Amino acid sequence: MFNIFKKSKKNESKIPNRIPIMRMEEYHTHYLGKTGEGKLFFGNVTFAYKKPIRELTPEERNKHRTELAILYLFDKNGKFSEYKYWSTEKDRERQSVWKEMEKLVAELGQVTFCNIEVETFEINIDGIKCGLIPNKESVSIDLFPSNTISFQEPWDGEYYT
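Notes on the structure in this doc start here. (Residues numbered from 1 in each chain as written. Predicted model: local features only at pLDDT ≥ 70, side-chain atom pairs only at ≥ 80, totals over all residues. Heavy atoms only, no water.)

### Side note on the pattern of salt bridges
Alright, step 1. Enumeration according to the criterion identifies four salt bridges in this entry.
Alright, step 2. For the salt bridge of E67 with R65, the shortest nitrogen-to-oxygen distance reads 2.4 Å.
Alright, step 3. Taking the relative accessible area as the measure of exposure, E67 reaches 9% and is therefore buried.
Alright, step 4. Notably, a salt bridge pairs E100 with K103, separated by 3.4 Å at the nearest N-O pair. In this pair, E100 and K103 both sit in helix α2 (residues 97–106), three residues apart, roughly one turn of the helix.
Alright, step 5. For E100, a relative accessible area of 15% translates into the label buried. (Salt bridge = Lys/Arg side-chain N within 4 Å of Asp/Glu carboxyl O. Buried < 20%, exposed > 50% of the residue type's maximum accessible area, 1.4 Å probe, protein only. Helix = DSSP H or I, 4+ residues; strand = E, 2+ residues; numbered from the N terminus.)

### Observations regarding the nonpolar core
Alright, step 1. Counting 24 residues, the largest nonpolar core has I21, F42, Y72, L132 and F151 as its most contacted members.
Alright, step 2. Those elements that provide at least two residues to this core are β1 (18–21), β3 (40–49), β4 (65–74), β7 (116–119), β8 (121–125), β9 (128–135) and β10 (140–144).
Alright, step 3. Counting residues per element, this core draws most heavily on β4, at four residues. (Core = buried A, V, L, I, M, F, W, Y, C linked by side-chain atoms within 4.5 Å.)

### Focus on the sheet that holds strand β11 (residues 150–151)
Adjacent strands of a sheet form backbone hydrogen bonds with each other and so pair up, either parallel or antiparallel.
Alright, step 1. Pairing is antiparallel across the open sheet formed by four strands, whose spatial order is β8-β9-β10-β11. A single partner strand is all that each edge strand has here, and the edge strands are β8 and β11.
Alright, step 2. The sheet contact formed by β10 and β11 spans two bridges and is antiparallel. Following the sheet pairing, D142 is matched in β11 by S150. (Pairing = 2+ DSSP bridges.)

### Here we look at the pairing of β1
Alright, step 1. Burial of the side chains of β1 is restricted to one face: I19 and I21 are buried, whereas none of R18 and P20 on the reverse face is.
Alright, step 2. Direction of pairing for β1 relative to β7: antiparallel, over a ladder of four bridges. Bridging across to β7, I21 finds its partner in I116.

### Considering the sheet that holds strand β6 (residues 111–113)
Alright, step 1. A sheet is described by the order of its strands in space; here five strands give the open sequence β5-β4-β3-β2-β6, paired in antiparallel fashion. Strands at the two margins of the open sheet, each flanked by one partner only, are β5 (80–88) and β6. For this sheet, the mean inter-axis angle between neighbouring strands, taken without regard to orientation, is 30°.
Alright, step 2. Of the strands in this sheet, β3, β4, β5 and β6 touch α2, which is tilted by about 20° from β4. (Axes fitted to C-alpha atoms, helices over the stretch in contact; angles between N-to-C directions. Contact = heavy atoms within 4.5 Å.)

As structure tokens, this is what we get:
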């Protein structure tokens, strides 16, 4: 018997292990490009909670929130190699996150802001899941922490918020 509702492997969506990322100035991919040595970088200003948010009351959320400026570095071929970051949980320092991101990028020396193509990766920074992480359920690659942006088919570098 022939089952017309069964998905063939040929039609299943596949998550690539490498994606292009388009730079969008003054938006989520503003800090995207390559260094004078040809390394690729992706800077992300974000936040995370040290405890699952569902376990926190609205009053507790601010106390457990961490602001992060993360600079992901990749080799010339787009393979993740290292990261640099700044973080704070202190209210009075939270506004500094953008200035700290600017400092991290400045430490790279001469850079060219441009589109890049990189491999997916997952790392842990101070107990926080970070990276460009495949999501099989939604057939996407999500930027963590905070799952702020998501890349999906047709895998052309555009992202969704």
